[in-house]
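What follows is the residue order along each chain.
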Amino acid sequence: MDNSDLKIISANVRKDIIKMLGISGSGHPGGSLSCVELLVSLYFKHMNFNPLNSVSPDRDYFVLSKGHVCPVLYAVLAQKECIKADELCTLRKAGSRLQGHPAKDKAIPGVEVSTGSLGYGLSIAVGIAAGLKCAAKSNRVYVLMGDGEQQEGSVWEAAMSASHFKLDNLCAIIDDNGLQIDGATKEIMNIAPIAAKYAAFGWNVIETDGHDLAAVDRAYSLAADCKDKPSVIIAKTVKGKGVSFMENLASWHGKAPSKDEVLKAIEEIDKSIA
Ligand SMILES: Cc1ncc(C[n+]2csc(CCOP(=O)(O)OP(=O)(O)O)c2C)c(N)n1
Ligand SMILES: [Mg+2]
């Protein structure tokens with residue numbers, strides 16, 4: 001699959017995110033839209049994930065540590081045909097499998113872990129990766145975190161363990177959109193210099209543009225080639241990417257678009273691939 005195909009899939013994922021949130025009337029658009037290319041490249045190019053056998057013992061694992069952006073995961077899993085398109089319309093409805101944070105007990109193919117409380121995904125991914133190493137298996141483990149999430153102390157305990165145990169089967173991805181729930185990360189609790197911090201914790205650090213599919217592709221390949229160290233991809237992104245009136249605004253962190261805004265956003269996304 002080449003980058004022009006991935007660009008179209010990314011646009012379809014963005015449209016699904018907008019439609020799902022518009023129908024549900026609640027959810028998190030900003031941080032869902034910022035990591036679309038990161039997930040599309042992973043699921044369509046890099047991860048060993050068979051939608052027809054999502055619990056295969058040979059699969060690679062994906063942990064969505066920033067669980068509030070599950071609309072992007074549901075939309076990508078719909079593109080992989082793990083979730084039917086009409087089920088996406090049930091986001092956040094009572095009785096739906098697609099709750100506002102991913103829940104493992106809903107048996108959605110591809111949802112490996114229940115998340116939502118920030119700061120735990122890296123620890124879970126370290127556990128999975130260490131277990132795979134002990135079993136001498138070559139599966140890889142990917143975990144997506146937010147930039148604001150780096151403020152959680154537990155992230156750094158996990159980071160220390162990952163390098164101590166030489167977990168080169170682990171790849172963390174930071175969706176570095178510069179914003180958290182109510183403002184700029186650097187003003188609320190500065191996480192910089194994040195690359196130097198991970199390097200000091202013994203990680204292989206890869207910095208990339210998180211929307212350039214060729215650059216993201218290279219970053220995942222570099223991570224897979226690294227031996228004896230865990231890798232972190234620090235991806236510079238734009239919160240709300242692809243919808244002009246949402247871009248770079250913390251106010252779109254956790255707010256659903258109105259009917260008119262849904263139509264406007266979809267028109268814009270369609271134009272981006274015309
Ligand atoms: C432990 C914990 N504290 C607070 C929250 C509430 N919360 C949800 S999203 C969010 C901001 C996250 O910012 P960031 O990690 O940068 O995510 P993104 O910008 O990608 O949405 C917060 C504070 C939470 N889910 N978990
Ligand atoms: Mg952020």
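These numbers come from a predicted model, not from an experiment.

Analysis parameters
Residues numbered from 1 in each chain as written. Chains lettered and ligands numbered in written order. Predicted model: local features only at pLDDT ≥ 70, side-chain atom pairs only at ≥ 80, totals over all residues. Heavy atoms only, no water. Salt bridge = Lys/Arg side-chain N within 4 Å of Asp/Glu carboxyl O. Helix = DSSP H or I, 4+ residues; strand = E, 2+ residues; numbered from the N terminus. Buried < 20%, exposed > 50% of the residue type's maximum accessible area, 1.4 Å probe, protein only. Donors = N, O, S within 2.8 Å, 3.2 Å for Na, K, Ca; no water. Phe/Tyr/Trp six-rings, centres within 6.5 Å; stacked < 30°, edge-to-face > 60°. Pairing = 2+ DSSP bridges. Right-handed = clockwise from strand over helix to strand, strands pointing away. Contact = heavy atoms within 4.5 Å. Near = heavy atom within 4 Å. Polar contact = N/O pair within 3.5 Å; in protein donor to acceptor, adjacent residues only side chain to side chain. Areas by Shrake-Rupley, 256 points an atom, 1.4 Å probe, with all protein chains shown as cover.

Draft legend 1. The arrangement of the pattern of salt bridges in detail. Counted according to the given criterion, the structure contains 10 salt bridges. A salt bridge links D217 to K45, with the shortest nitrogen-to-oxygen separation between them at 3.3 Å. Of the two residues, D217 is situated in helix α10 (residues 213-225) and K45 in helix α3 (residues 36-46); the sequence distance between them amounts to 172 residues. For D217, a relative accessible area of 18% puts it in the buried group. A relative accessible area of 36% means that K45 is categorised as partly exposed.

Draft legend 2. Structural detail: the coordination of the magnesium ion (ligand 2). Bound to the magnesium ion (ligand 2) are the protein donor atoms D147 (OD), N177 (OD1) and L179 (O), situated 2.0 to 2.1 Å from the metal. Donor residues for the magnesium ion (ligand 2), ordered by position in the chain, follow D-x29-N-x1-L. Taken together, the positions of D147 in the loop between β2 (141-146) and α7 (153-164) and L179 in the loop between β3 (170-176) and α8 (185-188) put the pair 32 residues apart, joining distant regions of the chain. When its relative accessible area of 12% is taken as the criterion, L179 is described as buried.

Draft legend 3. Representation of the packing of aromatic side chains within the structure. Applying the stated rule across the entire model yields 7 aromatic pairs. Ring centres of W156 and Y198 lie 4.8 Å apart, and the angle between their planes is 45°; this geometry places the pair in the tilted category. Pair noted here: W156 is in helix α7 and Y198 is in helix α9 (residues 194-200), with a separation of 42 residues, a long-range link. For the pair shown, W156 and Y198 are each scored as buried. What links up through ring pairs into an aromatic cluster is the set W156, Y198, F201 and W203.

Draft legend 4. Broad picture of the pairing of strand β4 (residues 204-209). Relative to strand β5 (residues 231-236), β4 runs parallel, the two being bridged by 6 bridges. Counted as the bridge partner of V205 is V232 from β5. In the classification by handedness, the crossover that spans β4, the intervening α10 and the parallel β5 is right-handed.

Draft legend 5. Summary view of the environment of G254. Considering the arrangement of structural elements, one finds G254 in the loop between β5 and α11 (259-272). For the pair formed by G254 and A214, sequence separation is 40 residues and the distance between their alpha carbons is 29 Å. When sequence neighbours within four positions are dropped, the list of residues in contact with G254 reads G27, H28 and P29.

Draft legend 6. Representation of the pairing of β5 in the model. The buried count for β5 comes to 5 of 6 residues, which makes it a mostly enclosed element. Bridging between β3 and β5 involves 6 bridges; their strand directions are parallel. Within the sheet, the bridge partner assigned to A172 lies in β5 and is V232.

Draft legend 7. Just the site of ligand 1, in detail. Residues in contact with ligand 1 amount to 17 residues; listed here are only the nearest, K66, H68, G116, D147 and K239. With respect to ligand 1, the backbone of L118 contributes an N or O atom lying 3.0 Å from a nitrogen atom. The protein chains hide 78% of the 590 Å² of surface that ligand 1 would expose on its own.

Draft legend 8. Here's a closer look at unusual backbone geometry. Cis geometry is found at the peptide bond from A192 to P193, where omega equals -5°. With respect to the helices and strands, the residue P193 is situated in the loop between α8 and α9. In this structure, E81 is a non-glycine residue whose phi angle is positive, near 65°. Position of E81 among the secondary structure elements: in the loop between α4 (70-79) and α5 (85-88). The class for E81 is exposed, based on a relative accessible area of 72%. The backbone of N248 sits at a positive phi, close to 60°, despite the residue not being glycine.

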